[in-house]
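So the chains spell out like this:
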Amino acid sequence: MKNEKSPRSRAVRIFFSDPWSVAATAVLLLLVLACFVLPFFLKYSYLDTDFTIKLQGPSAEHPLGTDLLGRDMVARLAYGGRFTLGITALATVIAAVIGGVLGLLSGYWGGRLDFYVMRVVDALSSIPSLFLAIVMECALGWGQGNFVYGLAIAAIAPFAKIVRAAALDVAGNEYIEASRALGASGLQVMRRHVLHNVLPVFIIQIVNCLADTLIICTILGYMQVGINPPTPEWGNLFHLGKDYIRSIPRLTFLPVAAIVLTTVSLNIVGNGLRDSLSTTGGDR
Amino acid sequence: MLGYFVKRVLLIIPTVIVVTLVIFLLMASLTGTDTFRMVTYADDAGTGNSVLSQFFVYIWHVLTKFDFGVDPSTRRPITNELLRHYGFTMRMTGAALLLTLLIGVPAGIFAAVRRGSAGDRAVSAVTMVISAVPSFCIAFGFVMFFAVKLRWLNVLMMDKTDYIMPMGTIVLSVVASITRITRTAMCEVLDKQYVTAMRSLGLRNRSVVYRHALKNALVPIVSVISSIVGYLICGCIVVDRFFSLPGLGMYLANAIRSRTTNTVLAAAIFISFTMCCVGVLADAVYLIVNPAMRENVSWRSGRLARGKEGRA
Amino acid sequence: MENDVLLSVSGLRISFRSPSGTVRAVNGVSYEVRRGEVMGIVGESGSGKSVSAYALMGLLPRTARIESGSVRFEGRELLGLPEREMENLRGSEIGMIFQDPMSSLDPVFRIGDILSEVIRSHEPRVKKKEAWARGVEMLRSMGIRDAENAARSYQSSLSGGMRQRVMIAASLLLRPKLLIADEPTTALDVTIQDQIIRLLREEKEKSGMSILFITHNFGIVADICDRVTVMYGGHVMESGTVNDIFYQPAHPYTRALLRAVPRVDSSRREPLKTIEGQPVDATNLPAGCVFSTRCVHCGGLCRREQPPVRTVGHEHTASCWLLTEGGAENG
């Protein structure tokens, strides 16, 4: 019989039994490696311009060619990935933490706090996220340092809703009463029961958020919002190469390929997680 | 039922005001400077006041004079410009919505009816890949393929046929959502007992699927349309920049670069207003389609066609 | 007598794919329904009684596979018929009513519209007004008093009993020769049950149609059925006339079932009689007789080999090793 030790091991087993999920996870790991570790080993930096060799094709010296200012494309891509992926991950973490805390407080304590917080969250989620990010960027101004906050704000709403739903779900349960009767403090109750209840959906939302935020980040980069050249960012690289889209498609194709690869892998991983974490309570 | 709609329509303006307030406050708190003026007017109203009073001045101008302020550099009112660009984007969004439904719903039905078969899995795979690709990448793909390789289409927007690529891009970016939710909704309905019962009565399979099942499945589909419109608008914004169309995208890009909060705020109001209207329309369609609910709906009810959380 | 056979099921085997293995729902089931008679199919849940009925209508879910067997209706083989032909058959030749009336009607259409669509699917030339009128008339003859109003309503405004009457009306609209009734009264309370049974009997008398009545309630069997087939674990345990089954049950399972029916005249202090053990697991059937795990008379042979069908009386058969031809019981 299928006797698992815990839902967690069952989830892990299901996840890794799907070849697509495994492949996608591997791709993501490779990408992270390429963008965060590789730069230390590169000869050229993303800043090194050399007008004499601009717009060259692939060569031994520059495996992916050079861009319109003579910069090495491998470096541009790698550092660009570091920026794009890093910002995306950071924004997701910020959104998850803030959204999670808001949702937890809102759901657990209810009352007027809940009411006002949910009005704000509803207002935020009624605006499409790209536009919300644009609005926030506009307020925050140009600064690259602030870029991440705009993305984070656009991503908070779903986290708040999810955690609040889980908190509400738990707050009504009798075993909470029992726990408190046994002397557990509110904080402990929150930590154990709510966390356990919300974890699967939360994890899935994190992956979804990464994918969505990545897209918004690249779009904003493409629209040249919040990115100061010469900082590379995949969307921005696309914009820079756009003028040469017919003559030298390589300049646009490379960042697009990187973006698509990342988002497709994230989506596959998200689907895999959804399948493996879906049921509450095993096979039957 | 009439009471319900009256209530919904009456709530549109207050909802937009609340959303504007939230955005206004967020923007104000993020800019960090004390004397930051959110909105510039021709008569320099509202300068130097507190954030909240600036907000009230703004709302007053919008509601009474339909004045969204002026462009700080040119001192020209932005209302007309904004309306022009916004109208263009709305037309594109409407056309794109129609196309998306025409393609996505039949695709979803196709997949649901053949659940588990190769056809179904093909549709699922295709939708997944498409939904993972950001819109400008799709646009890039289109341009590469149709303009560069095949040399069929222009990028210059000279005549009607040149709209194929931008429309195609926008439609592709949302069609996966519609297909997925149609499929899910149809699968759920097809599993219900009354579908088997209707078939056993001798109703033709085609009628059972397209008339009975689809009508029942429309509820979640209609709910999703509200959020789809949001994505469509964003898609239009991106595509504007890519293909240099005179829509919201171009207008916003300039505004962001020059940090004109007027424009961005006004655009936010327009979009929020549009989405609220779409929401009410979606409810109306829902009640048309599901007459059984008509008696149960009064001015007390909450929103009917609620969007789904997260991914479908 | 043979020409009177309307429906003939023989050697039917149906299985389902499921995450926990292959579910063998129907394993070599055979029975007949004659013109004008009511054949009862009796068994616990999971005995495969409903599944075989769904197979007749071609309404099995996608996960089901008909492994072998034949179903003949008026001499015509139904399994493997193209869908178009099955569509023609359903409703007009064979009808079906279901267990749960609360969810058997499309909630977004009016009752009258559903009824007229049933008519116009098979008689396309009939005009809408006429189809509607016929629907209303049928509702009236089912005992629904305010038929016009009922036709204009949606299923959510009707009670459970009324919904079942509507279902019956809809299934009888085209005067099918065979009506499959899958536990139509299980979800209803006893007084309504009685009315529904009476309704079905009246219809049967009026039109001479046959009924395949699936149930687990022996009281209903005694009330309306002419002949009975007892099923367990996807097999036919015993088959015969109502009198045979009630007064001379041959199979241990049938006997145990009858014993378990509470009697009005039993003492209040007596505990209810049950059948020991759990219903059989359809993914893991025993090698021998399917009842062997719960049978008090079970012997070695019973566990090893499946018993053949033995004749114990005129048109009375049972499948048990303990019986010899002619009815005497061994051991």
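A. Local environment of the packing of helix α9 (residues 248–257) of chain B against helix α10 (residues 261–289) of chain B. Residue and element names in this part refer to chain B. α10 packs onto α9 with a crossing angle of 145° between their chain directions and a minimal axis gap of 9 Å. In this structure, α9 uses Leu 248, Tyr 251, Leu 252, Ala 255 and Ile 256 to contact α10, whose residues at the interface are Thr 263, Val 264, Ala 267 and Ile 271. In terms of residue class, the contact of α9 with α10 is built from eight nonpolar, one polar and no charged.

B. How the structure looks around the packing of helix α6 (residues 164–190) of chain B against helix α8 (residues 205–243) of chain B. Residues and elements named next belong to chain B. Contact geometry of α6 with α8 gives a least axis separation of 8 Å together with a crossing angle of 155°. It follows that α6 is roughly antiparallel to α8 by the angle criterion. The hand of the α6/α8 crossing is right-handed. When its residues are assigned to classes, the contact of α6 with α8 shows 23 nonpolar, five polar and no charged.

C. Geometry of the interface of chain A and chain B. Facing the 46 residues of chain A at the interface are 44 residues of chain B. For chain A, the biggest contributors to the area lost against chain B are Phe 131, Cys 138 and Arg 246 of chain A; these three give 16% of the whole. Inspection of the region where chain A meets chain B yields zero salt bridges. One can count zero residue pairs in polar contact (both at pLDDT 80 or more) joining chain A with chain B. Mapped by element, the contributors of at least two residues to the side of chain A that touches chain B are α4 (111–125), α5 (129–140), α6 (144–171), α8 (186–222), α9 (234–241) and α10 (250–277) of chain A.

D. Molecular detail of the sheet that holds strand β9 (residues 227–232) of chain C. Residue and element names in this part refer to chain C. Overall, mixed pairing links the eight strands, which are arranged β6-β7-β8-β3-β9-β10-β12-β11 in an open sheet. In the strand order of this sheet, the two ends are held by β6 (94–97) and β11 (310–313), each with one partner. Adjacent strand axes in the sheet meet at a mean angle of 20°, parallel and antiparallel pairs treated alike. In terms of strand pairing, strand β10 (residues 235–241) meets strand β12 (residues 316–318) through two bridges, oriented antiparallel. Within β12, the position partnered with Ser 239 by the bridge is Thr 317. Seen against the sheet, helix α6 (residues 160–172) touches β6 and β7 (178–182) and runs at an angle of roughly 175° to β6.

Basis of the calculations
- Residues numbered from 1 in each chain as written.
- Chains lettered and ligands numbered in written order.
- Predicted model: local features only at pLDDT ≥ 70, side-chain atom pairs only at ≥ 80, totals over all residues.
- Heavy atoms only, no water.
- Axes fitted to C-alpha atoms, helices over the stretch in contact; angles between N-to-C directions.
- Helix = DSSP H or I, 4+ residues; strand = E, 2+ residues; numbered from the N terminus.
- Contact = heavy atoms within 4.5 Å.
- Nonpolar A, V, L, I, M, F, W, Y, C, P; charged D, E, K, R; others polar.
- Parallel < 35°, antiparallel > 145°, perpendicular 65-115°, else oblique.
- Left-handed = near helix turned anticlockwise from the far one by under 90°.
- Buried area = accessible area lost by both parts, 1.4 Å probe.
- Salt bridge = Lys/Arg side-chain N within 4 Å of Asp/Glu carboxyl O.
- Polar contact = N/O pair within 3.5 Å; in protein donor to acceptor, adjacent residues only side chain to side chain.
- Pairing = 2+ DSSP bridges.

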